[in-house]
Every structure is written in structure tokens, then in C-alpha cells.
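Coordinate inspection notes
Below, each chain spelled out in residue letters.
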Amino acid sequence: MLRMEHQPLLRGSSSPCKLPSWTLLLAVCAVGIGGTFQYGYNVSIINAPTQHIHKFLNETWSSRYQKELSPDLLTFLWSVIASIFSLGGLCGALIGGSMAIRLGRKGALLMNNVIAILASILMGISFPTGLFELLIAGRFLIGINSGIGLCVQPLYIGEFAPKHLRGGLAMGTSIFLTGGILTGQIIGLRELLGGEKHWPLLLSSSCIPALAQLLFLPWFPESPRYLLIDRGDELSCAKALKRFHGSSEYRREMEDIQRECFALDGEKPKKPWQLFTDRGVRWQLITVIVMTMGQQLSGINAIYFYATYVFQQAGIMAEKIPYVTLGTGVCECLTALSCGLLIDYVGRRCLIIGGYLLMTLWCTVLTFSLTYQELYSWVPYMSMTCVFAFILSFGLGPGGITNTLTAELFVQSSRPAAYMIAGTVSWISFFTVGMLFPFIVNGLKQYCFVVFLLECFFVAAFIFLIIPETKNKSFLEIKKEFHKLNFGRNARKKDTELFERRQLQDEFLKISA
């Protein structure tokens, strides 16, 4: 087996410098357009028509009940429309892993588009029918769609990507997410679909990415790991690998999947609650929970909240701020692309630890600059610089690496359940931040960034102490890295068992060859 691991350097077939094939790149695009793109797009577009939806709620209520809608009830209805998306996302995360097991990764994504199209129809007809309840239902369904996409897309990409390109291809998750945010910001401008006449079209436009995925994704095969390990279909697995990696390059990936299949020894996909009692994945699970919570609680939402105020203090006119805000979306896209190019060369640890430490620095500087905003004329420009620098640091580290590591820390039987847990933690954290953040800002003002800088520093320290580098390693090799953490004193005995199992694997593969 050791000889086999060094063969790619002689052949040049799996060298870290080798670029992905067009099939792999197009597959990432076909998966991403109806996956995390939908999440970013639907988070972004709801901001543009806020005032128009308020007017629609007032007019609908008046015509229906012949009385004015009270300000408190208006605020409540708008809060429901905005926050029901998070509840839908949580539901999507809870069912996404099960869909990926029952329907396959590709099948789950294709079925997910039906939910997106139904949601688009409901949101689109809410205005002409005068039923704001359809708008609420549509936002809930598009939330489910986003929750499933965030769960299944990185799962699918992580399983068909070769290990030397896994990080870069898995970054497609973040690239399409940030691309969705930027696209939503552009489409939501008042000159396009953000005006009063066109906001129903804006909300229903999420059917376009769904239709695009239904058109392009069927051309690509199912996840090879799912086909062999979950369904036991070796022939279909080999055909899928040939499509993704080429007929001359697929054998090594096939051998890697066979090793994992042999090591799992017919183990069925686990349920989320089974992971909490499985000592073999204890620290992987703790790591995923810490990283997911760290990503949501890092202060990125506070940065966006303060961005408008910072831009105003820098002298930018109010009507021009939406265009300046596009710069934040461009920053996120550029850093996601940069992270995708660097991740398989620099490594995961360096990028995510560096990102959190830089965010700690910018939180510190921004706290001081917001405190002394009116003392010197140049301080507002420092605050503006910190906003963009924080977004760049977030995209280069936590924003991109978290989903990639979640796929890499677990073997096939645990991976869908791990994504369900990570998705649940992410959506609960997202909802909690949305609920508590206004109170934190009102209570602490600019000093809220002290809380976020402490959180960023803690997560960076945790990753430095716990997470090994996963670059160019198979899923079984990464599992072995966590072995001593999970089993402590019993690790030596477990190592002996693993060594014996590994010898059996090599004999099995020699016989198969």
C-alpha cells in the first residue's frame, strides 16, 4: 500500500500541481448553481424590497380587514417573513442527510429543485393574489431548499473530487455561495428588479438556478463513493470514476474507495444521534460543532450591520451606499476564488487559523476606530478599511474552509449524519445571532466587537491545538490522525487492530487486481 501511495509522483497523474479536468469543473458548476448559490441569492435578495413588502402588507391588511395595520403587527409580519427562511433552513438540514442516503447525492439535489420551483411560484403569485401568507410559505420552502443544498452539495463534491484537488473543488461551495450573494445584490438594485413594480419577480427569480440545475446536473454521474460503499455497485462506481477522472486516471481513486469500503466492513450509514455516542468520531464531531458555531458567531453579521454607518461616516451619500455595498460582495467572491486556488498548496490549517487571527486583529482595530470616529478626520476611512479587510479575512479562512473540513473529517458511513449535525448547528446559530444581535449592539454599541474578537481567537487556538492538516490525505488517513485523541490510552491496542486490518486490505486489493 505504501508503494501504491507513492506511484502518482512517478506517473504524474495525481501530482498536486495537476489541474482538474473540465468534467470535474463543470460538475462543480452544475452542483453549485442549484446548491449553495440558492442560499446566498435568497439571503441577499430579501433586503432590497423591504419597503415595498411593507407597503404590500399594509395595503393587503387594509383591503382585507378595512383597518390600518398597526406598526407592531407590521414589524411582526416582516420578522416572520425574514426569519421563516432560517426555520426552513433548519428543517432542510435535518432531512438533507437522509435524502442523500435514500436518493443519492445527485438525486437529492435534483429533487431539491422541485421545492425551489414551488417556492418561487408561491412568492411570485403572492402579490397579484393579495395573499401575504403565500410569501411566508414561499420563504419557508426556499429555506428548506437552501438547508438541503448546504448539506448535500459539499457532500457530493467532496466524494467525487480526487484527494489532491479535494480542497480546491470543495471551495466551489463557498464560491457559489458568495456568487449568489453578489448576484442577489446586483439583481436587487432598484434599476433592475429591486423597484416597486418588479419585486415579486425578484423573489420568484430563484426558480432560474433550480431550472438550470435540472437541465445540467443529469449529465453527470452519481457520487462514486456512494455507488460502491452505500449501494455496492462496483461497475457503476468504475463508470462514474472514468467520467470524472478519465479512463487512464481512475484506478487510483477506485483503490482508495475500495480501501475505505473494506475498512467500513459493510457498516450502514449512521444516524446523527449515533455519532454522539461513537467514541471513534468524538473529536471530529466536537471540531465540526466548534468550527460551525465559530463561523456564524465570528462577527461577520455585525460587520454588515455596521457597514452602512461606516460608509455614511466616510462621506458616502445614502443613495450611493447600495452600490458601495456591492464592493463587499465582490470582496467575498474574490477571497473565495483565492482560497480555492491556495487551499491545496498552502493547506487548510494555515488558511483557517490565519483567517481567524486576522479577524481578531480587525475587530480590535475597528473597536478603536468606531470609538474615536469623530476625533480625527481620517478615522472613518480606517473603519471603512477594516470592514473590507474583515470580509476578506473571513472569506479567505472560515468562510471557505469550514465546509471543506466537515467533508474530510468523516468516513462514508458518518459523513451524511455529520453534515446534518453541522447544518443544524449552523442554522440554530444563524437564528440565534439574528435574534440576539440587535440587543448586543444596543447594549454594547461598538464594543460588541470585543465579544467577537475573543470568539475568533478562541476558535483559532482550538484549531491550532486539535485539527491536523488534511491536505493530500485520504479519508482513512485523516481518521487515523484523530485516533489518539479519540481513544487516548487504548490507542496502541486500536493501532494494532488497524495495522492487522490494513494488511488484510492490501491482500484483498492484490487478489482483486
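Residues numbered from 1 in each chain as written. Predicted model: local features only at pLDDT ≥ 70, side-chain atom pairs only at ≥ 80, totals over all residues. Heavy atoms only, no water.

What follows is about the packing of helix H9 (residues 172–187) against helix H18 (residues 321–346). Direction vectors running N to C along H9 and H18 enclose 160 degrees, while the axes themselves pass 9 Å from each other. Taken as axis vectors, H9 and H18 run roughly antiparallel relative to one another. Both H9 and H18 take part in a crossing whose hand is left-handed. Residues Ser174, Ile175, Thr178, Gly179, Ile181, Leu182, Gln185 and Ile186 of H9 form the contact with H18, whose participating residues are Thr325, Leu326, Thr328, Gly329, Val330, Glu332, Cys333, Ala336 and Leu337. Tallied by class, the residues present in the contact of H9 with H18 amount to 9 nonpolar, 7 polar and 1 charged. (Axes fitted to C-alpha atoms, helices over the stretch in contact; angles between N-to-C directions. Helix = DSSP H or I, 4+ residues; strand = E, 2+ residues; numbered from the N terminus. Parallel < 35°, antiparallel > 145°, perpendicular 65-115°, else oblique. Left-handed = near helix turned anticlockwise from the far one by under 90°. Contact = heavy atoms within 4.5 Å. Nonpolar A, V, L, I, M, F, W, Y, C, P; charged D, E, K, R; others polar.)

By secondary structure assignment, the location of Gln284 is in helix H16 (residues 282–296). What Gln284 contacts, discounting residues up to four positions off in sequence, is Leu409, Phe410, Phe482 and Asn486.

What follows covers a nonpolar patch on the surface. On the surface, Phe431, Met435, Leu436, Phe439, Ile440, Leu444, Tyr447, Val450, Val451 and Leu454 cluster together into a nonpolar patch covering about 920 Å² of accessible area. Counting residues per element, the nonpolar patch draws most heavily on helix H22 (residues 415–444), at 6 residues. Here Phe431 lies in helix H22. (Patch = residues over 30% accessible without salt bridge, like charges linked within 9 Å, V, L, I, M, F, W, Y side chains within 5 Å. Areas by Shrake-Rupley, 256 points an atom, 1.4 Å probe, with all protein chains shown as cover. Salt bridge = Lys/Arg side-chain N within 4 Å of Asp/Glu carboxyl O.)

Let us look at the pattern of salt bridges. All chains considered together, the criterion is met by 13 salt bridges. A salt bridge links Glu159 to Arg415, with the shortest nitrogen-to-oxygen separation between them at 3.1 Å. A residue pair is termed long-range when its members are at least 10 positions apart, and Glu159 in helix H7 (residues 132–160) and Arg415 in helix H22 qualify at 256 residues. With a relative accessible area of 2%, Glu159 lands in the buried category. Among the salt bridges present, the one from Glu267 reaches Lys270, with a minimum N-O distance of 3.3 Å. Take Glu267: its relative accessible area is 33%, and that puts it in the partly exposed class. (Buried < 20%, exposed > 50% of the residue type's maximum accessible area, 1.4 Å probe, protein only.)

Annotation of the chain at the domain level lists domain 1 (20–220), domain 2 (274–472) and domain 3 (483–512). Opposite the 39 residues of domain 1 that make contact, domain 2 presents 37 residues. Both faces considered, domain 1 and domain 2 share a buried interface measuring about 3100 Å² in area, 67% of it formed by carbon and sulfur atoms. There are 2 salt bridges connecting domain 1 and domain 2. (Domains from an automatic or database assignment. Buried area = accessible area lost by both parts, 1.4 Å probe.)

Tracing the backbone shows Thr36 in helix H3 (residues 36–45). Since its relative accessible area comes to 0%, Thr36 is described here as buried. Separated by 113 residues in the primary sequence, Thr36 and Gly149 have C-alpha atoms spaced 5.8 Å apart. When residues no more than four places from it in sequence are discounted, the contact partners of Thr36 are Gly149, Leu150, Gln153, Gly172, Thr173, Phe176 and Leu177. Separated by 2.8 Å, the side chain of Thr36 and the backbone oxygen of Thr173 make a polar contact. (Polar contact = N/O pair within 3.5 Å; in protein donor to acceptor, adjacent residues only side chain to side chain.)

Among all positions of helix H11 (residues 207–216), only Pro209, Ala210, Ala212 and Gln213 are buried. Relative to the axis of H11, the buried residues are bounded by an arc of 160 degrees and lie together on one face. Residues of H11 that are exposed and angled more than 90 degrees away from the buried face: Ile208 and Leu215. In this structure, the buried side of H11 is in contact with helix H2 (22–33), H3 and helix H6 (105–129). (Arc of directions from axis to C-beta.)

Ile53, Leu57, Ile81, Tyr156, Phe160 and Leu203 are the most contacted members of the largest nonpolar core, which totals 62 residues. Considering every element that reaches this core, the biggest residue donor is H7, with 15 residues. Each of two domains, domain 1 (20–220) and domain 2 (274–472), supplies a minimum of three residues to this core. With sequence-adjacent residues up to four places away left out, Phe160 is seen in contact with Leu24, Ala27, Val28, Pro224, Phe244 and His245. (Core = buried A, V, L, I, M, F, W, Y, C linked by side-chain atoms within 4.5 Å.)

Bringing unusual backbone geometry into the picture now. Of note in this structure, Gln66 is not a glycine but carries a positive phi near 55 degrees. Notably, Asn472 is not glycine yet its phi reads approximately 60 degrees, a positive angle. Here Asn472 lies in the loop between helix H23 (448–466) and helix H24 (475–481). Under the relative-accessibility criterion, Asn472 is labelled partly exposed at 27%.

Moving on, we get to the packing of aromatic side chains. Under the criterion given, the structure shown has 13 aromatic pairs. Relative to Trp427, the ring of Tyr39 has its centre 5.5 Å away and its plane inclined at 90 degrees; by these criteria the two rings are edge-to-face. Here Tyr39 is found in helix H3, whereas its partner Trp427 is found in helix H22, with 388 residues between them in sequence. Tyr39 sits in the buried class, given a relative accessible area of 11%. In textbook terms, an aromatic cluster arises when at least three aromatic residues are bridged by ring pairs, as seen for Tyr39, Phe85, Trp427 and Phe430. The ring centre of Phe475 lies 4.1 Å from the NZ or CZ of Arg415, which sits over that ring. (Phe/Tyr/Trp six-rings, centres within 6.5 Å; stacked < 30°, edge-to-face > 60°. Lys NZ or Arg CZ within 6 Å of the ring centre and 35° of its normal.)

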